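Fold and geometry: a report
This is what each chain is made of:
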Amino acid sequence: MSGQILLEGLLAGAMIGLGAVGLTLTYSILRFANFAHGELVSWGAYLSLSLSLAIGAVSGASLAPLDPFSVSAALILAVLLAMACTALLALLVDRLLFARLRRRGATAIIVVMASFGASMALRSLLEFLYTSKPAYYSRELQIAMPLPGGIRATPDQLLLIGLAFVAVIAVHLLLTRTDLGRAMRAVSENPALAGVVGIDTAKIVRAVWIIGGALACTAGTMSGLLVQIRPYMGFDLLLPLFAAVILGGIGSVPGAMLGGLIVGLCEALAVQTIGAEWRAAVAFAVITVVLVLRPTGLFGRAT
Amino acid sequence: MSLELLAYCAFFLTVALTYAVIVLGLNVQWGQTGLFNVGVAGFVAVGAYASALLTSPPVEGRLGGFELPIVIGWLGAFVASGVLSALIGWMTIRLRADYLAISTFGIAVTIQLAVLNLEGVTGGPFGISLIPRPFGELAGQSLAFSLANLALLVAVVFGLYLMLQHLARSPWGRVLRAIREDEVAAEALGKSPRRFRIEAFALGGAIMGLGGAAQAHFIGFIAPENYLPMLTFQVWAMLIVGGSGNNRGAILGALLVWALWAASSAVVEALAPAGEQARAASLQTVIIGVALCAILLFRPQGLLPEPGSARRRLPFLHRWRGTPAATTGSERT
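Since the model is a prediction, treat every value here as computed from it, not as a measurement.

1. Considering the overall build of chain B
In terms of regular secondary structure, chain B is built from 12 helices and zero strands. The order of helices and strands in chain B, counted from the N terminus, is α-α-α-α-α-α-α-α-α-α-α-α. Taken over the C-alpha trace, chain B has a radius of gyration of 20 Å; the compact-globule value for 333 residues is 20 Å, and the two agree within 12%. For chain B, the spread of C-alpha atoms along the principal axes amounts to about 60 × 45 × 35 Å. Within chain B, the proportion of its 333 residues that are buried is 50%. Taking contacts inside chain B between residues at least 6 apart in sequence as the whole, the part at least 24 apart equals 76%.

2. As for the overall build of chain A
Per the secondary structure count, chain A includes 11 helices and two strands. Along chain A, helices and strands appear, N-terminal first, in the series α-α-α-α-β-β-α-α-α-α-α-α-α. Taken over C-alpha atoms, the radius of gyration comes to 19 Å for chain A, in line with the 19 Å a tight globule of 303 residues would show.

3. Some details on the nonpolar core
The biggest cluster of nonpolar side chains holds 201 residues, and the ones touching the most others in it are Val112 of chain A together with Ala20 and Val23 of chain B. Broken down by element, the residue count for this core peaks at 15 residues, all from helix 1 (residues 3-30) of chain A. Once you skip the residues sitting within four places of it in the chain, valine 112 of chain A turns out to touch Phe32, Ala33 and Phe35 of chain A together with Phe36, Asp98 and Ala101 of chain B.

4. Things to note about helix 4 (residues 108-130) of chain A
Residue and element names in this part refer to chain A. For helix 4, built from 23 residues, the straight-helix expectation of 33 Å at 1.5 Å per residue is met to within 8% by its first-to-last C-alpha distance of 33 Å. Most of helix 4 sits inside the fold, with 19 of its 23 residues counted as buried. Count one or two residues on from helix 4 and you reach threonine 131, which has phi positive near 60°.

5. Quick notes on the interface of chain B and chain A
Often, the extent of an interface is quoted as the loss of accessible area on bringing the components together. Facing 47 residues of chain B, the contacting portion of chain A comprises 46 residues. Of all elements in the fold, only helix 3 (70-92), helix 4 (97-117) and helix 12 (277-298) of chain B reach the threshold of two or more residues within the side of chain B that touches chain A. Considering every element that reaches the side of chain B that touches chain A, the biggest residue donor is helix 4 of chain B, with 13 residues. Residues of the side of chain B that touches chain A, tallied by class, amount to 29 nonpolar, 12 polar and six charged.

6. What to know about the packing of helix 5 (residues 155-177) of chain A against helix 8 (residues 201-226) of chain A
Residue and element names in this part refer to chain A. With their axes 11 Å apart at the nearest point, helix 5 and helix 8 run at an angle of 170° to one another. Relative to helix 8, helix 5 is oriented roughly antiparallel. Within the contact between the two elements, helix 5 uses Asp156, Gln157, Leu160, Ala167 and Val171 and helix 8 uses Ile211, Leu215, Thr218, Met222, Leu225 and Leu226. In the contact of helix 5 with helix 8, the residues fall into eight nonpolar, two polar and one charged.

7. A short note on helix 11 (residues 279-293) of chain A
End to end, helix 11 of chain A covers 22 Å across 15 residues, agreeing with the expected 21 Å (1.5 Å per residue, within 8%). Among all positions in helix 11 of chain A, only Ala280, Ala281, Val282, Ala283, Phe284, Val286, Ile287, Val290 and Leu291 of chain A are buried. Of the surrounding secondary structure, the elements contacted by the buried residues of helix 11 of chain A are helix 9 (233-248) and helix 10 (253-273) of chain A together with helix 3 and helix 4 of chain B.

8. Here we look at unusual backbone geometry
Negative phi is the rule for most residues except glycine; trans is the rule for most peptide bonds. You will see that threonine 131 of chain A, though not glycine, has its phi angle at about 60°, which is positive. Of note, threonine 131 of chain A is situated in the loop between helix 4 and strand 1 (145-147). Since 14 C-beta atoms lie within 10 Å of it, threonine 131 of chain A is described here as partly exposed. Here the phi dihedral of leucine 130 of chain B falls at roughly 60°; this positive angle occurs in a residue that is not glycine. Residue leucine 130 of chain B is classed as partly exposed on the basis of its C-beta count, with 13 C-beta atoms lying within 10 Å.

9. Some details on the environment of glycine 120 of chain B
All names here are of chain B. Turning to its location among the elements, glycine 120 is positioned in helix 5 (residues 119-122). Considering only alpha carbons, one finds glycine 120 and glycine 61, 59 residues apart in sequence, at a separation of 6.3 Å. Contacts of glycine 120, omitting those with residues within four sequence positions, involve Gly61, Arg62 and Leu63.

10. A closer look at the packing of helix 2 (residues 37-59) of chain A against helix 9 of chain A
All names here are of chain A. Across the interface, helix 2 lies against helix 9 with an axial gap of 7 Å and an inter-helix angle of 135°. Taken as axis vectors, helix 2 and helix 9 run oblique relative to one another. For the pair helix 2 and helix 9, the crossing hand works out as right-handed. On helix 9, the residues that touch His37, Gly38, Glu39, Leu40, Val41, Ser42 and Ala45 of helix 2 are Met233, Gly234, Phe235, Leu237, Leu238 and Leu241. Class assignment of the residues belonging to the contact of helix 2 with helix 9 gives a composition of eight nonpolar, four polar and one charged.

11. A word on the environment of alanine 45 of chain A
All names here are of chain A. Relative to the helices and strands, alanine 45 resides in helix 2. On the neighbour-count criterion, alanine 45 (31 C-beta atoms within 10 Å) is buried. Taking C-alpha positions, alanine 45 is 6.7 Å from isoleucine 229, a pair spaced 184 residues apart along the chain. Residues contacting alanine 45, with those up to four places away along its chain left out, are Gly220, Thr221, Ser223, Gly224, Ile229 and Met233.

12. A closer look at the confidence of the model for chain B
For any part of a model where pLDDT is low, the fine detail of the predicted coordinates should not be relied upon. Confidence in the prediction for chain B averages 84 pLDDT; 92% of positions are at 70 or higher. Taken together, the stretch residues 310-333 of chain B has pLDDT below 50 and engages in 39 contacts with residues farther than four places along the chain or on a different chain.

13. Quick look at the environment of leucine 158 of chain A
In this structure, leucine 158 of chain A sits in helix 5. Along the primary structure leucine 158 of chain A and arginine 104 of chain A are separated by 54 residues, whereas in three dimensions their C-alpha atoms are 47 Å apart.

Scoring rules and cut-offs
Residues numbered from 1 in each chain as written. Chains lettered and ligands numbered in written order. Predicted model: local features only at pLDDT ≥ 70, side-chain atom pairs only at ≥ 80, totals over all residues. Helix = DSSP H or I, 4+ residues; strand = E, 2+ residues; numbered from the N terminus. Rg over C-alpha atoms; globule rule 2.2 N^0.38 Å. Buried ≥ 20, exposed ≤ 12 C-beta atoms within 10 Å, placed from the backbone. Contact = placed C-beta atoms within 7 Å. Core = buried A, V, L, I, M, F, W, Y, C linked by C-beta atoms within 7 Å. Expected span 1.5 Å × (residues − 1). Nonpolar A, V, L, I, M, F, W, Y, C, P; charged D, E, K, R; others polar. Axes fitted to C-alpha atoms, helices over the stretch in contact; angles between N-to-C directions. Parallel < 35°, antiparallel > 145°, perpendicular 65-115°, else oblique. Left-handed = near helix turned anticlockwise from the far one by under 90°. pLDDT = per-residue confidence, 0-100.

Laid out in structure tokens, this is it:
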């Protein structure tokens, strides 16, 4: 495998991993496969775009890129705000839809179906608001710098890989070293027992949506920076996200990240060897292999 | 004028009935058995392409084009989709319930990609045209042609309905419902839940393939963009609106949702300015998505509830709170 494929794979993998971490948390704690998670990714990307334009319009000069990156000061501020807004959106959808179904005691599969409906509605709403024409954060062209090993990478790409790892380590520390994280893992393992020892399940559910929404927004903005912003970007990412979650083992944050990297690398490899038009099928191939060989994934517990 | 209207009504009903076939297939999977298929479009596509390849005239540089009779094509569609469903079912049905949802979603994405890219088999983005239409010799007289096709589809849907009603009341159908309601009890009585589920999934998939073939032959042309996730979504909306578990509900849902869909498309076309058509159409999808969620929230049984089972709607069997997944029946699969 050449270094360039490795870099492309790492980039795609970091993006998939970020989205998959949020998805694996909702999966293990709320106990359903959320088909609307991809929409949080797209909404995050568009919220970053709108907020950065708004901030730029208000403050004037802050839209200029920060050398050597194509990212402007306005965009950095916008991403932070957009993370909060995406988290709010996730909380809103939960309140309007999923929380009601949970209260009624709906089976997991009814909730999955509701998430499918929500995904369709959220995606089409983006299409309505922004049209299906692709959008960009910046029209700046970046020159790829040569790196050792014959690899070429733009400064943006290196920045994003670094950021993704910081984000994942932060979430990992949150889950393993804080009371909130311990409570989350307790609810994921046994909600009844967690309730008995006095853990506030509603609070944990909120925390899950906030973390998931914020990470999805990060993934969406990354993808928008590297490629483009489209209403379907999150939906197209959904299958790789599920592949990463299943490969890593449902509920495992390091697993989701590693799964994301593996799926990303497989995609990059397939693009080089088979052809870019088959990229979208790679995730399904990964899912098939995992389900046949090791359905619990790399770090999953048998259920 | 009234003749034209009649021809249009026949056309509309025929398309709606091709959807009814697909919804009946989904009802076998979801309504009777509780298997969640998010890849309906993929199974429909397999049926449509299988039948088109078997029956269409040969084309330079493309596989297929055997010009076989339409009946053989429909049979091929039934078998192709059924075999594919059995494979998917075999792979995932022993696992958690939602793995099936993810796998079917994946297979639909992959099938869409395959029909788009395998130009030598499927015609790629250009699709397959000149698919023979039933009663094609009547094509000159549009009214007779429409009515003959309508009669054919009515016969197909009615036949399917009778068969599925019979199956639901048969020992096989009873075992399926028993497994859906209480898997452990059914297993204790010596029934293999996995085998019955795979059979039901394969049968449902085969019927969807048949529906895809019927649609392809009625329109006479297929292309990859007919089989986007939107189709899956429409079919689900039809089943949920009509009432899952009820075959009459499935047919009613198909007619009703298709009518609403066609009417709202007409409104969009009439009201939205020329440049904003695509935008207005996406608003239409938003409304349908919200409506689907609202039905799940407020009337999960649909218009026609499942016959003879008020029990099914009792607080959905497993409460999320207080029941660890590992100890409930249905989540162990």
